[in-house]
Amino acid sequence: MIISSTSDYRAAAQKRLPPFLFHYIDGGAYAEQTLRRNVEDLAAVALRQRVLKDMSQLDTSIELFGERLSIPVALSPVGLTGMYARRGEVQAARAADAHGIPFTMSTVSVCPIEEVAPRIKRPMWFQLYVLKDRGFMQNALERAQAAGCSTLVFTVDMPVPGARYRDAHSGMSGPNAALRRYGQAVTHPRWAMDVGLLGRPHDLGNISAYRGSPTGLQDYIGWLGANFDPSISWKDLEWIRAFWKGPMVIKGILDPEDARDAVRFGADGIIVSNHGGRQLDGVLSSARALPAIADAVKGQIKILADSGIRNGLDVVRAIALGADCAMIGRAFIYALAAAGEAGVKHLLELLEKEMRVAMTLTSVAKVSDITGDLLVRPS
Ligand SMILES: Cc1cc2nc3c(=O)[nH]c(=O)nc-3n(C[C@H](O)[C@H](O)[C@H](O)COP(=O)(O)O)c2cc1C
């Protein structure tokens, strides 16, 4: 199979993974309108082609939170990454490290912080969810700092899990889920051997390390619903701020008022995101939300953005719409599921190549020159 894009990796991932995992990654909330619009709205952003400006010297790197990134991209936190490839968090983190960009470890990772951090050179970022057990949160922050994590990504758009219809049908949740998953594993022997058998333990590594007992994978969705805390408010952030010494980024901002609150609170960054269309269906795509948020807070706080970014041209589009840095979720997960660490490395190379083409054909030599001036405005 020839692989030259994220959609090729998606097709390869669909072949390799049992359906309950593929649809868990691929799906969104309710009728998946926001999921579709994330991709479509970004794809509809037209850039001004400019020519004859000597683009032989391009610099795709940026400086963010005191770190140098080879391209303005970070890996978004993705739960259960170790179920899509053997010890998947380690493989994805190593690929990001090799390319010179940050890997963000999800709270609900399979591999615990301590398994991943020693295997990479640059500090990883750590994503925190608010769980009802605040003891866990304090423990996780202390462990993340002890392991050298640099940036805290605090996700605020999941006080409750969204309604994802595909999960009930696929066997991720719903009646006889465990039995259905077993049946799917048997018919996907490559995954069953590589991840199902050799990728154990299958566990929420960060949480079971704290609780001292295995956690949550028999009924993952039920576990999320029971343990996530809908009482989350700005007060919780103050409490977390007291524990976290490094940069803190708030993930899941879609509204300029919330972006202004994040500035008032003293956050170092925000991530414009609708969780990849997995939470409240019908909300704005990130592409549509970005310009108003950039108008409100650009320059006062770092603006990162994810949801719908599938290639290097999308990265340039997101920056032209107002982001300082892009993040990718499904794109790297498809590559990881299809081809492990080598797949993620290849995907990042593709992204960089595509960014270079987009920068050359819009005549911008460095990332800070990618601005709203590049956008074709309706006349
Ligand atoms: C399978 C899956 C699991 C995810 N798990 C988390 C998570 O644990 N924490 C989090 O903050 N966001 C999580 N997200 C959201 C991503 O961080 C990111 O916002 C989203 O994937 C971006 O959209 P994209 O997939 O279109 O790039 C998850 C997304 C997917 C697809």
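Below, the structure is looked at part by part. In this text, all values refer to a predicted model and were calculated from it rather than measured experimentally. (Residues numbered from 1 in each chain as written. Predicted model: local features only at pLDDT ≥ 70, side-chain atom pairs only at ≥ 80, totals over all residues. Heavy atoms only, no water.)

## Remarks on the packing of aromatic side chains
Worth spelling out the cut-off: Only Phe, Tyr and Trp rings take part, Trp by its six-membered ring, and two of them pair if their centres are within 6.5 Å. Stacked means planes under 30 degrees apart, edge-to-face means over 60, and tilted covers everything else. Helix and strand labels come from DSSP, where a helix needs a run of H or I of at least four residues and a strand needs a run of E of at least two; each type is numbered from the N terminus. Three exposure classes are used, based on accessible area relative to the maximum for each residue type with a 1.4 Å probe and protein chains only: buried under 20%, partly exposed in between, and exposed over 50%. We call a charge positioned above a ring when the Lys NZ or Arg CZ atom is no farther than 6 Å from the ring centre and deviates by at most 35 degrees from the ring normal.
This model, assessed by the stated rule, comprises nine aromatic pairs. An angle of 85° between the planes, with centres 5.9 Å apart, marks the rings of tyrosine 24 and tyrosine 220 as edge-to-face. A residue pair is termed long-range when its members are at least 10 positions apart, and tyrosine 24 in helix H2 (residues 19–26) and tyrosine 220 in helix H11 (residues 220–227) qualify at 196 residues. Here tyrosine 129 and phenylalanine 228 contribute two aromatic rings whose centre-to-centre distance is 4.7 Å and whose plane-to-plane angle is 50°, an arrangement assigned as tilted. With a gap of 99 residues between them, tyrosine 129 in the loop between strand S5 (125–128) and helix H6 (134–146) and phenylalanine 228 in the loop between H11 and helix H12 (234–243) connect regions that are remote in the sequence. Side by side, tyrosine 129 and phenylalanine 228 carry an identical accessibility label, which is buried. Between the NZ or CZ atom of arginine 181 and the centre of the ring of phenylalanine 20, over which it lies, the distance is 5.6 Å.

## Let's talk about unusual backbone geometry
Note that the residue after arginine 200, namely proline 201, is joined by a cis bond; omega there is 0°. By secondary structure assignment, the location of proline 201 is in the loop between helix H9 (189–197) and helix H10 (205–211). You will see that leucine 52, though not glycine, has its phi angle at about 60°, which is positive. With respect to the secondary-structure elements, leucine 52 resides in the loop between helix H3 (33–43) and strand S1 (62–64). Accessibility expressed as a relative area gives 87% for leucine 52, which makes it exposed. If you check the backbone angles, asparagine 176 has positive phi at about 50° while not being a glycine. By secondary structure assignment, the location of asparagine 176 is in the loop between helix H7 (165–170) and helix H8 (177–186).

## Side note on the nonpolar core
Under the convention used in this document: For our purposes a nonpolar core is just a set of buried Ala, Val, Leu, Ile, Met, Phe, Trp, Tyr and Cys residues, chained together by side-chain atoms within 4.5 Å.
Among the nonpolar cores identified, the biggest contains 128 residues, and Leu80, Tyr84, Ile270 and Ile328 are the most heavily contacted of them. If one sorts the elements of this core by residue count, helix H16 (residues 330–362) sits on top with 15 residues.

## Section: the sheet that holds strand S7 (residues 248–253)
Selection criterion: Note on pairing: two strands pair once DSSP finds at least 2 bridges between them. In this analysis, two residues are considered to be in contact whenever any of their non-hydrogen atoms come within 4.5 Å of each other. Interaxial angles span 0 to 180 degrees and are taken between N-to-C directions of axes, which are lines fitted to C-alpha atoms, for helices over the stretch in contact.
Within the open sheet, the eight strands sit side by side as S3-S10-S9-S8-S7-S6-S5-S4. Their pairing is parallel. Bordering the open sheet on either side are strand S3 (73–75) and strand S4 (104–105), each of which pairs with just one other strand. Across the sheet, H12 is in contact with S5, strand S6 (152–155) and S7; its angle to S7 comes to roughly 155°.

## As for the pattern of salt bridges
Two side chains carrying opposite charge are able to pair once their charged atoms lie near each other. Defined as follows: Counted as salt bridges are all cases of a side-chain nitrogen of Lys or Arg within 4 Å of a carboxyl oxygen of Asp or Glu.
Per the stated rule, a full pass over the model turns up 20 salt bridges. A salt bridge links arginine 166 to aspartate 26; the shortest N-O distance between them is 3.0 Å. You can see arginine 166 sitting in helix H7 and its partner aspartate 26 sitting in helix H2, a full 140 residues away along the chain. A residue is classified by how much of its surface remains accessible, and aspartate 26, at 6% relative accessible area, is buried. Where lysine 366 meets aspartate 369, a salt bridge forms, and the shortest distance between an N and an O atom there is 3.2 Å. Assessed through its relative accessible area of 33%, aspartate 369 is described here as partly exposed.

## Considering the site of the ligand
Rules: Whether a residue is near a molecule or strand depends on its heavy atoms: it is near if one of them lies within 4 Å of it. For the purposes of these results, a polar contact is taken to be a pair of N or O atoms within 3.5 Å, where, inside protein, one atom must be able to donate a hydrogen and its partner to accept one; residues adjacent in sequence count only when each atom of the pair is a side-chain atom. Areas reported as accessible are Shrake-Rupley estimates using a 1.4 Å probe. Residue values count occlusion only from the protein chains shown. Three residue categories are used. Nonpolar comprises Ala, Val, Leu, Ile, Met, Phe, Trp, Tyr, Cys and Pro, charged comprises Asp, Glu, Lys and Arg, and polar comprises the others, including Gly.
In the vicinity of the ligand there are 23 residues, among which Pro77, Ser106, Tyr129, Thr155 and Asp306 approach most closely. Here an oxygen atom of the ligand sits 2.9 Å away from a polar atom, N or O, in the side chain of arginine 310. About the coverage of the ligand: the protein hides 99% of its 600 Å² of free accessible area. The residue makeup of the shell around the ligand, split by class, is seven nonpolar, eleven polar and five charged.

## Section: the environment of arginine 356
Assignment of secondary structure puts arginine 356 in helix H16. Classification of arginine 356 by relative accessible area gives partly exposed; the value is 31%. With 289 residues separating them along the chain, arginine 356 and glutamate 67 place their C-alpha atoms 21 Å apart.

## Quick word on the side chain of glutamine 184
Tracing the backbone through its elements, the reader meets glutamine 184 in helix H8. Excluding its chain neighbours within four sequence positions, the residues that come into contact with glutamine 184 are Pro18, Pro19, Phe20 and Ser170.

## Topic: H9
Taken together, the buried positions of H9 are occupied by Trp191, Ala192, Asp194, Val195 and Gly196. Residues of H9 that are buried in the fold lie against helix H1 (6–16), H2 and H8.

By themselves these figures say nothing about function.
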